[in-house]
Amino acid sequence: MIAIIDYGMGNILSVKNAVSMAGKEARILHTPEGLEDAERIVLPGVGAFPDCMKNLRLKGFIKALEEAVFQRKTPILGICLGMQVMAERSFECGEHSGMGWFEADVVRLNPENSSLRVPQIGWNDVTYRNDSPLFAGLPDRPDFYFVHSYSLKCRDERDVDATCDYGGVVTAALHKENIFATQFHPEKSQDYGLKVLENFLRWRP
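Residues numbered from 1 in each chain as written. Predicted model: local features only at pLDDT ≥ 70, side-chain atom pairs only at ≥ 80, totals over all residues. Heavy atoms only, no water.

J.: Talk me through the overall build of the protein chain; I want residue IDs and the actual numbers.
T.: Counting its secondary structure elements, the protein chain contains five helices and 14 strands. The principal-axis extents of the C-alpha atoms in the protein chain amount to approximately 45 × 40 × 30 Å. Of all 205 residues assigned to the protein chain, the portion counted as buried reaches 55%. Put simply, of all contacts in the protein chain between residues at least 6 apart along the chain, 71% involve residues at least 24 apart. Element-wise, carbon and sulfur atoms account for 46% of the exposed surface of the protein chain, whose accessible area totals about 9300 Å². Both charge centroids of the protein chain, one from 23 positive and one from 28 negative side chains, sit 3 Å from each other. (Helix = DSSP H or I, 4+ residues; strand = E, 2+ residues; numbered from the N terminus. Buried < 20%, exposed > 50% of the residue type's maximum accessible area, 1.4 Å probe, protein only. Contact = heavy atoms within 4.5 Å. Areas by Shrake-Rupley, 256 points an atom, 1.4 Å probe, with all protein chains shown as cover. Lys, Arg positive; Asp, Glu negative; His and termini not counted. Charge placed at Lys NZ, Arg CZ, Asp CG, Glu CD.)

Quick look at the structure:
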């Protein structure tokens, strides 16, 4: 069973449909109950960082996710805001603590090219590490769909699996042990996004 975490923020149904298209049954979890039975976890997210962390705490998901990811080693995919809350802290609407899974900060996009608007909305090419199992079978510089005003600055470059250019280098994907996360939306990225989801569902970290 693929568990999709519903904490009240995120395009849950589109993620569920994309997982189904990738060949797996998905179950939406509104509470942590049932998370121990998941073979994979997806943590989507759309909205503001502090609201996301507040909702995850109130619903009891943070401790349950830590047990699943770090004790049971369940593979997890964070999407957009779901990736950002894996950082140590965010500077969106003040300074806020994240789950601390990556040595990273979430900061506002600041493109060097003043013609580039914030948020970044739309398609952008991605450069990924050639040894990444999550991008296996994709061509060089595939394009994915982004919607975000903040990006993750990782202090350990070994955790960065992919980047894109938006008036400077922007983290597009992270990977550490059984944790994978993307700033882009695989569920909105057509064939390339579906391939990333298929790779995640087959992944054996």
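J.: Help me get a handle on unusual backbone geometry, residues and values and all.
T.: A cis amide bond, omega 10 degrees, links Val 118 with the succeeding residue Pro 119. Residue position: Pro 119 is located in the loop between β7 (102-108) and β8 (120-125). Positive phi is not limited to glycine here, since Lys 73 has a value of about 60 degrees. Assignment of secondary structure puts Lys 73 in the loop between α3 (61-71) and β4 (76-79). Assessed through its relative accessible area of 43%, Lys 73 is described here as partly exposed. In this model, Cys 80 sits at a positive phi of 55 degrees, which is unusual for a non-glycine residue. The residue Cys 80 is located in the loop between β4 and α4 (81-84) in this model. With a relative accessible area of 6%, Cys 80 lands in the buried category.

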